[in-house]
Amino acid sequence: MRRSLSVRVLRIAFALMSFLGLVAATATACGSSNSSEGSSNSGSLAGSLTVSAASSLQGAFNAMAAAFEQAHPEVDVMVNFGASSTLAQQIIAGAPVDVFASADETNMTKVSNARLLSGTPTIFATNSLEIIVRRGNPSKIAALSDLSKSGVVYITCAPDVPIGTYGAQVLQKAGVTLSPASFEPDVKGIVAKVSAGEADAGIVYATDVSATKGAAEGVAIPANINVVAKYPIAAISSSSNNAAAQAWIAFVAGSDGQQILAQFGFGAS
Amino acid sequence: MNNQARGRRRSAALRRPPIAILVIAAIAVAFFALPFLGLLWRVPWSDAWSLLTTPTSLTALRLSIETSLWATALSIVFGVPLAWVLARHGFPGRRIVRALCLLSLVLPPVVGGVALFTAYGRRGLLGDPLFETFGIRLPFSMAGVVLAQTFIAMPFLVLTVEAALRGLDRRPEDAARTLGASRWYAFRRVTLPAIRPALIAGAVLAWARALGEFGATITFAGNFPGRTQTMPLAVYLALESNPGQALVLSVVMIAISFGVLLSLRDRWLGGADSIGADR
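Residues numbered from 1 in each chain as written. Chains lettered and ligands numbered in written order. Predicted model: local features only at pLDDT ≥ 70, side-chain atom pairs only at ≥ 80, totals over all residues.

How should the overall build of chain A be read in this particular structure?
Helix and strand counts for chain A come out as 9 helices and 10 strands. The buried share among the 269 residues of chain A stands at 45%. Look at the contacts in chain A between residues 6 or more apart in sequence, and 78% of them connect residues 24 or more apart. (Helix = DSSP H or I, 4+ residues; strand = E, 2+ residues; numbered from the N terminus. Buried ≥ 20, exposed ≤ 12 C-beta atoms within 10 Å, placed from the backbone. Contact = placed C-beta atoms within 7 Å.)

Below is the structure:
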């Protein structure tokens, strides 16, 4: 029996739709699993804890999540990394998040202004900026002024992303004007494209350069024109697991957390 | 005749779906409809026009239309011959070739973008000689956007056209050949007109997919207004800085896609709104 064309097209469409449906179902299943469980037993910590953290904290917070879970086996920590601006926007839109750790104070203030914080944010880490260049530094970049050499592909982030603003501040202090080839959605986008050799340089956090483990190199920016990025952390007022949220913040600010942050190259608060 | 009609009516009654199916289907419809209603409800309608006519919006819109049309053209030029070979010629490893060419359909687009890097990036397999010899750099360029869109969208055209070619009655073609038409002539004057509905449908699907492409584009081509920032990228980035603008741009994209799908069903597939399976 020959099937008509429209039926065939519809079948293909159905196959596509069921595939997409599957994706959506998995996504929602993942999303719903972090709803409150452990809020009832307030004695010992339990349940799930969702932390939204700036991309630059990826290495340090993953290590901390492992250490925290070891100390509190009943708690299941999930860290959601992204541009601080994206995370702030998600929280304001009602994302079920317990703790927010931002790479700048601007985005923390956005969440604070939406009256979604419980308590005041504390600064738990600092970071400085470096120029990230390709492995072997083939473009021979030694200072910020070299970024304006012809043929150098410089990429940055949009101004809403903390690193986009920090980078612009540094360039302004150095009196360098650049035309970026791309505005990446977060700092990891810059790191990935420079590590892959598609772009020549960008301005990122010093911790991001060391996290590439040699896939890219860093060029120091003098302290007098560098910017100190301050990382605030706070619990979200709608948190269903406030006990665990407070414990996480105490852990990050405490000696164990600070030691891990130092290992990943962050400065002390 | 009459008997037949009655029989058809009776079978139609027998085939009426059970209530449970109707209810579940209604839930499914609501599942799809609600997000769009939500979007329409949130849009700041009073500022809609001014948000839509900002330079960012207009630049992204123009770039999106331009690149997606290029991607569609490339999909047709390369996709139709590919579909032909897949549908008509048995060769060893055809199933593998077919799966390979349709892989980007099911791949997360970001993964597609990373893969594009390794091939067409400045240090990629083909990209490296391309850059060293001709100074052509695809990432961060409009051509890079077109490449990413074509990579993601072409399978839609290939699938549709291949299905049509497989289902095609080959006798008219054979007759043309017997009557002395060249292979090329028979393809152009007999085969192509016969698969035209599928070709148009496939091209429209590919175009719509190219228009909505996000993951591969931002991964491979980056994001720069006027050069690589297409509508979906603009929506994503505006979500943080200017949510109203993101909503207005989303509505424009939905309107375009919805219009395309509507016209696709009614005009080009023939037998509009046909119900049932085998005819």
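Would you explain the overall build of chain B in this entry?
Regarding its fold elements, chain B presents 14 helices and 0 strands. Listed by position from the N terminus, the elements making up chain B come as α-α-α-α-α-α-α-α-α-α-α-α-α-α. In chain B, which comprises 279 residues, the proportion classed as buried is 35%.

Explain the sheet that holds strand β9 (residues 216-220) of chain A here, please?
Strands pair in a sheet through their backbones, by hydrogen bonds, and they do so in one of two ways: parallel or antiparallel. Residue and element names in this part refer to chain A. Here we have 3 strands laid out as an open sheet, ordered β8-β5-β9, and antiparallel in their pairing. Two strands lie at the open edges of the sheet, namely β8 (201-205) and β9, each paired on one side alone. For this sheet, the mean inter-axis angle between neighbouring strands, taken without regard to orientation, is 40°. Pairing analysis gives 5 bridges linking strand β5 (residues 129-134) to β9, with the strands arranged antiparallel. Pairing of I132 across the sheet is with G218, part of β9. Relative to the sheet, helix α5 (residues 162-174) contacts β5 and β8, its axis offset from that of β8 by approximately 110°. (Pairing = 2+ DSSP bridges. Axes fitted to C-alpha atoms, helices over the stretch in contact; angles between N-to-C directions.)

I'm lost on the sheet that holds strand β1 (residues 47-54) of chain A in this one. Help?
Residue and element names in this part refer to chain A. Pairing within the open sheet is mixed, and its 5 strands lie in the order β2-β1-β3-β10-β4. Taken across any chain shown, the strands that pair with only one partner, and hence form the sheet edges, are β2 (75-82) and β4 (117-127). Strand-to-strand twist in this sheet, taken as the mean axis angle between neighbours without regard to direction, amounts to 20°. Summarising the sheet, β1 and β2 pair through 8 bridges and their orientation is parallel. Paired with S48 across the bridge in β2 is D76.

What am I meant to see in unusual backbone geometry here?
Glycine aside, residues mostly have negative phi angles, and peptide bonds mostly take the trans form. All names here are of chain A. Positioned with a positive phi, K140 is a non-glycine residue whose angle comes to about 50°. On the secondary structure map, K140 appears in the loop between β5 and β6 (155-157). When the 10 C-beta atoms within 10 Å are taken as the criterion, K140 is described as exposed.

What should I look at first to understand α5(A) in this one?
At 3.6 residues per turn, the α-helix brings residues three or four places apart onto the same side. All names here are of chain A. With 13 residues, α5 should cover 18 Å at 1.5 Å per step; its first-to-last C-alpha distance of 19 Å lies within 8% of that length. Among the residues making up α5, those that are buried are P162, I163, G164, T165, Y166, G167, V170 and L171. After α5 finishes, the residue G175 shows a positive phi value of roughly 70°. (Expected span 1.5 Å × (residues − 1).)

Help me out: how do you make sense of the packing of helix α8 (residues 142-167) of chain B against helix α11 (residues 196-212) of chain B in this one?
For any two helices packed against each other, the geometry is given by the interaxial angle and the distance between the axes. Residues and elements named next belong to chain B. Taken N-terminus to C-terminus, the directions of α8 and α11 make an angle of 160°; their axes are 8 Å apart at the nearest point. As the angle between them shows, α8 and α11 are arranged roughly antiparallel. Note that α8 runs across α11; the crossing there is right-handed. Here α8 contributes Q149, I152, A153, M154, F156, L157, T160, V161, A163 and A164 to the contact with α11, which in turn contributes A198, L199, A201, G202, A203, L205, A206, R209 and A210. In the contact of α8 with α11, the residues fall into 15 nonpolar, 3 polar and 1 charged. (Parallel < 35°, antiparallel > 145°, perpendicular 65-115°, else oblique. Left-handed = near helix turned anticlockwise from the far one by under 90°. Nonpolar A, V, L, I, M, F, W, Y, C, P; charged D, E, K, R; others polar.)

How do you make sense of the confidence of the model for chain A when you look at a structure like this?
Close inspection of predicted coordinates is inappropriate in any region flagged by low pLDDT. Residues and elements named next belong to chain A. Model confidence for chain A is summarised by a mean pLDDT of 85, while 84% of its residues fall at 70 or above. Mean pLDDT in chain A bottoms out at helix α1 (residues 5-32), which sits at 47, and peaks at strand β3 (residues 99-101), which reaches 97. Contacts of residues 19-42 to residues separated by more than four positions or lying in other chains number 21 contacts, the stretch itself having pLDDT below 50. (pLDDT = per-residue confidence, 0-100.)

Would you mind going over the packing of helix α9 (residues 171-178) of chain B against helix α10 (residues 183-194) of chain B with me for this structure?
Residue and element names in this part refer to chain B. Relative to each other, α9 and α10 sit at 145°, their axes nearing to 9 Å. For the pair α9 and α10, the sense of crossing is right-handed. Residues P172, E173, A176 and R177 of α9 pack against A186, V190 and T191 of α10. Across the contact of α9 with α10, the residue classes tally to 4 nonpolar, 1 polar and 2 charged.

Can you walk me through helix α8 (residues 242-253) of chain A in this structure?
A rise of 1.5 Å per residue sets the reference length of α8(A), with its 12 residues, at 16 Å; its end C-alpha atoms lie 17 Å apart and thus fit the reference within 8%. Buried within α8(A) we find A:A243, A:A244, A:A245, A:W248, A:I249 and A:V252.

Any chance you could explain the pairing of strand β10 (residues 229-236) of chain A here in plain terms?
Working note: regular strand, side chains alternate between the two faces of the sheet. Residues and elements named next belong to chain A. Judged by how many residues are buried, β10 sits mostly within the fold: 7 of 8 residues are covered. Relative to β10, β3 runs antiparallel, the two sharing 3 bridges. Counted as the bridge partner of V99 is A235 from β10. Inspection of the sheet shows β4 paired to β10 by 7 bridges, in the antiparallel sense. Bridge assignment links L117 to a residue of β10, and that residue is I236.

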